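Structure at a glance
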Amino acid sequence: MERLHPPAAVLEIADKLEDAGFEAWCVGGAIRDAILGHSHLDWDLATSATPSEIRTLFGERRTIPIGIEFGTVGVLDRAGGMHEVTTFRRDVKADGRHAEVEFGVSLEDDLARRDFTINAIAYSPRLREVRDPFGGRDDIARRLVRAVGDPDARMREDRLRALRAIRFAARFEFAIDATTLAAIRASAPFLGRLSPERVKQELDKTMEQVRLPSRALAVWRDTGAFETLIPPVGTISAERMAAPDFIGVPNRAKPARRAIRFAALLSELPANEVATILSSLRSSRQELQAVSTMVDRWHALGDEIARALAADAPPSDAQVRRWVAAIGRLTVGAFMRAANGVWRARAQKGLEAPTAIAVRALYRRMLRSAFHDAIDLGSLAIDGDDLRRAGIPAGPGLGKILNALLATVIEDPSRNTTDWLLHEGKRLHADA
Ligand code: ATP
Ligand code: MG
């Protein structure tokens, strides 16, 4: 077990528990990832100490009761980093959504309540010993996601496990064991019992952690998970489901990339339907806004941009400015990354799409334009006050004039001078 090297801060916490006569085991994702040779930031500990014993041992000031009812106490290390320490527990009642837990059980009981064999491996730094009662290491070697115990029963206890299995399989590019997969299929009609927040969190983690999200999305579709949870997403073409695969590399700390991946995936649906879906999933207002804006702009401009990029001559500067103005200065980078995902996925399926080189060239021109060109009202050399001082009354007419002036400046930036704009503004007013 060469690769099992918990960080010093975790070893220290484990030592303190052991010295006080309790068992302390590293469990869950960190062990799985270490065996896989991946790094993992959170080394969770499982212990025979009860939550109050943990708090007494480390003191109130070093502990945070993050999930006392589930037996989880956060223990702070010297640097202020928090580590989850959870009392060995067993689920006594589960209704597919909530679990009631019992403490005072053994490590074996604790491992038995975990979802998949790859997540049910424990390592004791004190004993330098691995406990792997369900063959998790073999399954890692065979690249297999397999439920601990009876898959049907485990999925009935907590329906989220169906979605977790799909995510882990896609993330590690593992297969799903046949009986576990059958249990996921059987679970699909009951996924509606899950809270929207938990469903969204699974989708979020899929978009954040998985290199090729289409592997997970296809299983969501094929097992009927989408049909139960978000029916319109189940109808998205295979080609569009592959679009997120072409957007970025996995990085947990990038919510922006997640939104871009969602936008690419959902771009086949109307923008208002996208907003409805995200709102039903309790998406943040910010994400809902960002994604549905990108989808809306995609419907307005996607085909036009693709056609222009297929032409012999590159788009004119004025054309690039028009697009940037329509998409929005701050949205244009994300929009183009989403659009490129869609186009790359199309190209891979042999469908018509602009080349990666053409898209990259346009992307650079658009970003430059977004930074330098006058493409919104704020960058005009005059504002509404100037027009009013020139005798144009406030009101919708004035707004129209400003927008008309902006449109002419987008066509010809040399017109963005106070003199020309005031003169032209007055002319437009007189004509109106
Ligand atoms: P990630 O890298 O996504 O955080 P993880 O394995 O650490 O992966 P967590 O959701 O953080 O996953 O959960 C930590 C551990 O708790 C899991 O490895 C698993 O042993 C157990 N666990 C989490 N959720 C469940 C569940 N729904 N049912 C059973 N066990 C679970
Ligand atoms: Mg984790």
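Each remark here, short or long, concerns the structure printed above.
Residues numbered from 1 in each chain as written. Chains lettered and ligands numbered in written order. Predicted model: local features only at pLDDT ≥ 70, side-chain atom pairs only at ≥ 80, totals over all residues. Heavy atoms only, no water.

1. Observations regarding unusual backbone geometry
- Even without being glycine, arginine 128 reaches a positive phi, approximately 50 degrees.
- Secondary-structure assignment places arginine 128 in the loop between strand S8 (122-124) and strand S9 (129-131).
- Classification of arginine 128 as exposed rests on a relative accessible area of 70%.
- Even without being glycine, arginine 282 reaches a positive phi, approximately 60 degrees.
- Mapping arginine 282 onto the fold places it in the loop between helix H15 (271-280) and helix H16 (285-310). (Helix = DSSP H or I, 4+ residues; strand = E, 2+ residues; numbered from the N terminus. Buried < 20%, exposed > 50% of the residue type's maximum accessible area, 1.4 Å probe, protein only.)

2. Overview of the layout of surface pockets
- What the largest pocket holds in volume is close to 1,600 Å³.
- Along its surface, the largest pocket is lined by 45 residues, and Glu84, Arg89, Arg113, Arg164 and Lys205 are the ones closest to its centre.
- Where the lining of the largest pocket is concerned, the elements lending two or more residues are helix H2 (29-36), strand S2 (44-47), strand S3 (63-67), strand S5 (82-87), strand S6 (89-94), strand S7 (99-103), helix H7 (160-172) and helix H9 (196-209).
- Looking at which element gives the most residues to the lining of the largest pocket, the answer is H7, with 6 residues.
- The residue makeup of the lining of the largest pocket, split by class, is 13 nonpolar, 11 polar and 21 charged.
- Of the domains in this structure, domain 1 (1-142) and domain 2 (143-235) are the two that each give at least three residues to the lining of the largest pocket. (1 Å grid on protein atoms, 1.4 Å probe; cavity = no way out; pocket = protein on both sides within 12 Å on 5 of 7 lines; lining within 4 Å. Points joined across faces, edges and corners; volume = space filled by probe spheres on them. Nonpolar A, V, L, I, M, F, W, Y, C, P; charged D, E, K, R; others polar. Domains from an automatic or database assignment.)

3. Points about the pairing of strand S1 (residues 24-27)
- Of the two faces of S1, the one carrying Ala24 and Cys26 and the one carrying Trp25 and Val27 are both buried.
- As paired strands, S1 and S2 are joined by 4 bridges and run antiparallel to one another. In the sheet register, tryptophan 25 faces S2, and the bridge partner there is alanine 46.
- When S1 meets S8, the two strands line up antiparallel, connected through 2 bridges. Bridge assignment links cysteine 26 to a residue of S8, and that residue is tyrosine 123. (Pairing = 2+ DSSP bridges.)

4. Focus on H16
- In this model H16 runs 36 Å from its N-terminal to its C-terminal C-alpha over 26 residues, within 8% of the 38 Å that 1.5 Å per residue would give.
- Leucine 301 marks the point of greatest bend in H16, at about 50 degrees. (Expected span 1.5 Å × (residues − 1). Bend = angle between axes of the 7 residues up to and from the residue.)

5. A closer look at the packing of H7 against helix H10 (residues 213-223)
- With their axes 8 Å apart at the nearest point, H7 and H10 run at an angle of 145 degrees to one another. Every pair of crossing elements has a handedness; the one defined by H7 and H10 is right-handed. Where H7 abuts H10, its residues Leu163, Ile166 and Ala170 lie against Arg215, Ala216, Val219, Trp220 and Thr223.
- Broken down by class, the residue content of the contact of H7 with H10 amounts to 6 nonpolar, 1 polar and 1 charged. (Axes fitted to C-alpha atoms, helices over the stretch in contact; angles between N-to-C directions. Left-handed = near helix turned anticlockwise from the far one by under 90°. Contact = heavy atoms within 4.5 Å.)

6. A short note on a nonpolar patch on the surface
- Taken together, Ile64, Ile66 and Met82 make up a surface patch of nonpolar side chains, about 230 Å² in accessible area.
- Structurally, the position occupied by methionine 82 is in strand S5.
- The class of methionine 82 is partly exposed, set by a relative accessible area of 39%. (Patch = residues over 30% accessible without salt bridge, like charges linked within 9 Å, V, L, I, M, F, W, Y side chains within 5 Å. Areas by Shrake-Rupley, 256 points an atom, 1.4 Å probe, with all protein chains shown as cover. Salt bridge = Lys/Arg side-chain N within 4 Å of Asp/Glu carboxyl O.)

7. Concerning the packing of aromatic side chains
- All told, the structure shown has 5 aromatic pairs when counted by the stated rule.
- Ring plane angle 50 degrees and centroid distance 5.6 Å describe the contact between phenylalanine 172 and phenylalanine 174, whose orientation is recorded as tilted. Each of the two residues, phenylalanine 172 as well as phenylalanine 174, counts as buried. (Phe/Tyr/Trp six-rings, centres within 6.5 Å; stacked < 30°, edge-to-face > 60°.)

8. A word on the site of ligand 1
- For ligand 1, the set of nearby residues contains 16 residues, the closest of which are Arg32, Asn119, Asp158, Arg161 and Arg164.
- Contact distances for ligand 1 include 3.1 Å between an oxygen atom and a side-chain N or O atom of arginine 167.
- Here an oxygen atom of ligand 1 and a side-chain polar atom of glutamine 209 are 3.1 Å apart.
- Across the complex, the protein chains shield 82% of the 580 Å² of accessible surface that ligand 1 would expose by itself.
- A molecule is said to occupy a pocket when more than half its atoms come within 2 Å of that pocket's grid points, and by this definition ligand 1 occupies the largest pocket.
- At the level of elements, H2 and H7 are the ones that each hand at least two residues to the shell around ligand 1.
- Sort the elements by how many residues they give to the shell around ligand 1 and H7 lands first, with 5 residues.
- When residues of the shell around ligand 1 are assigned to domains, at least three map to each of domain 1 (1-142) and domain 2 (143-235). (Near = heavy atom within 4 Å. Polar contact = N/O pair within 3.5 Å; in protein donor to acceptor, adjacent residues only side chain to side chain. Sits in = over half its atoms within 2 Å of the grid points.)

9. Some points on empty space enclosed by the protein
- Counted by the stated rule, this structure contains 2 cavities of 30 Å³ or more.
- For the largest cavity, the calculated volume is near 70 Å³.
- If you trace the largest cavity, you find it lined by Leu203, Phe226, Ile230, Val233, Phe262, Leu265, Leu266, Ile277, Leu278 and Leu281.
- Of all the elements in the fold, those that place two or more residues in the lining of the largest cavity are helix H14 (255-266) and H15.
- A total of 3 residues in the lining of the largest cavity trace back to one element, the largest contributor, which is H14.

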